[in-house]
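# Structure at a glance
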Amino acid sequence: MRAFIDALLLEAKHHIQHTGKNKLSTLYCGGGTPSMLSPTHLNRLFDGLREIFDFSELQELTFEANPATFDLNKARLFKELGINRISLGIQSFDNEVLKTLGREHNRNEAIAAVPILREAGIEQINIDLMFSIPGQSLDSWQDTLNTAISLEPDHISAYNLTYEEDTAFIDKLTSGEYIDDPELNAKYFTGAHDTLTAAGFEHYETSNYAKKGTRSNHNASYWAGADYLGLGPSAVSTIDSTRWKNLPDTANYIKQINHVGHAQTEIENLSAEDIHLERVALQLRTVNGLPLNTLTIEERKRAQNVIDEGMAEVRDTHLVLSKKGMLLVDSIVEHIV
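Let me begin by describing the structure that accompanies this report. (Residues numbered from 1 in each chain as written. Predicted model: local features only at pLDDT ≥ 70, side-chain atom pairs only at ≥ 80, totals over all residues. Heavy atoms only, no water.)

For the rest of this paragraph, the subject is the packing of helix α6 (residues 138-150) against helix α8 (residues 182-198). Two quantities define a packed helix pair, namely the angle between the helix axes and the distance between the axes. Closest axis-to-axis distance for the α6/α8 pair is 10 Å, and the angle between their directions is 25°. Comparing the axis directions of α6 and α8 gives the class roughly parallel. The handedness of the crossing between α6 and α8 comes out as right-handed. Here α6 contributes Leu138, Trp141, Gln142, Leu145, Asn146 and Ile149 to the contact with α8, which in turn contributes Leu184, Lys187, Tyr188, Gly191, Ala192, Thr195 and Leu196. (Axes fitted to C-alpha atoms, helices over the stretch in contact; angles between N-to-C directions. Helix = DSSP H or I, 4+ residues; strand = E, 2+ residues; numbered from the N terminus. Parallel < 35°, antiparallel > 145°, perpendicular 65-115°, else oblique. Left-handed = near helix turned anticlockwise from the far one by under 90°. Contact = heavy atoms within 4.5 Å.)

Have a look at this one:
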């Protein structure tokens, strides 16, 4: 673990030396379960990051945490390290659904996590939830939503389960044991929208809901097309229209970092068309919508079809999807661009 952390810091130094950019506006520690790190390793990581990066203008420091991996003392350490936003990977409050997902925590541990973080003084708490999980009923999903609301988090993310390549889930989907039903997915999505907005959460992006003033600055930067640096195995970076992914194997990542200072692979130069497509796809997912002046004349004509179908409307100078349109955002993007 120490070798892994040292490699992360060495990679960070490498990129700073080559880009000359070290000032952060947001920092997100995730892509796994960083809360599993010991206090010693956490201190080593953050001491190193502060030596390398300029935190003077840091607005948001998010840290992903699994409810089974911290107690009050560790939560207090999170606060001492400057973490002001915790994203809890709860996914469900149904023990059977958690077993299906292979999660290590149970319902009681998940419920206890939020008050522990509050007592430790964490400013903002997000709860990650997931729907359309095999074996999950609509009633179970509703109970998960109600339980999450009762804990009074600042932010809730609700994601549709996606079937990734090289996983047991995709194998069972291919064999017919699992079924991916778009109509059922829509019911889960609508249930989340109606329940969470009724509870005072703003539905500000397809999968994200926030209390006033608690939108994720980090994610908003992605959606707006800002550059970002990713550190660690499998991390993706996009800087100056160049995108790369790091080696996905941790042991090989560490070796490569120690050998040449970086672990870049799958490097691509994004064309103007690539950037345009991503901008449309990401901004249409948000409550602010897509500036109409970013569309070509032909794209505006196709966008009018979406408006005529009641899936979007023009608000001031932006194209904004309706609740109905949010369900079909990917298809709408394909139609317009």
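Take unusual backbone geometry next. Within the chain, Ser234 stands out as a residue other than glycine whose phi angle is a positive 70°. As for its position among the elements, Ser234 is in the loop between α9 (217-223) and β8 (236-239). The phi torsion at Ser241 lies on the positive side, around 65°, for a residue other than glycine. Given the relative accessible area of 32%, Ser241 is considered partly exposed. (Buried < 20%, exposed > 50% of the residue type's maximum accessible area, 1.4 Å probe, protein only.)

Time to look at the environment of Leu270. By secondary structure assignment, the location of Leu270 is in the loop between β10 (264-269) and α11 (272-283). Residue class for Leu270 comes out buried when judged on its relative accessible area of 12%. Placed 31 residues apart in sequence, Leu270 and Ile239 show a C-alpha to C-alpha distance of 10.0 Å. Residues within four places of Leu270 in sequence aside, it is in contact with Thr238, Ser241, Arg243 and Ile275.

A few words on the environment of Leu101. Here Leu101 is to be found in helix α4 (residues 95-101). Residues Leu101 and Glu205, spaced 104 residues apart in sequence, show a C-alpha to C-alpha distance of 24 Å.

Time to look at the pairing of strand β3 (residues 85-91). Of all the 7 residues making up β3, 7 are buried; the element is thus mostly covered by neighbouring parts of the structure. On β3, burial covers both faces: Arg85, Ser87, Gly89 and Gln91 on one face and Ile86, Leu88 and Ile90 on the other are all buried. Pairing analysis gives 4 bridges linking strand β2 (residues 60-65) to β3, with the strands arranged parallel. Residue pairing for β3: Phe63 is matched across the bridge by Ile86. This β-α-β element, β2 to helix α3 (residues 72-80) to β3, shows right-handed connectivity. Relative to strand β4 (residues 124-131), β3 is paired through 5 bridges, and the arrangement is parallel. (Pairing = 2+ DSSP bridges. Right-handed = clockwise from strand over helix to strand, strands pointing away.)

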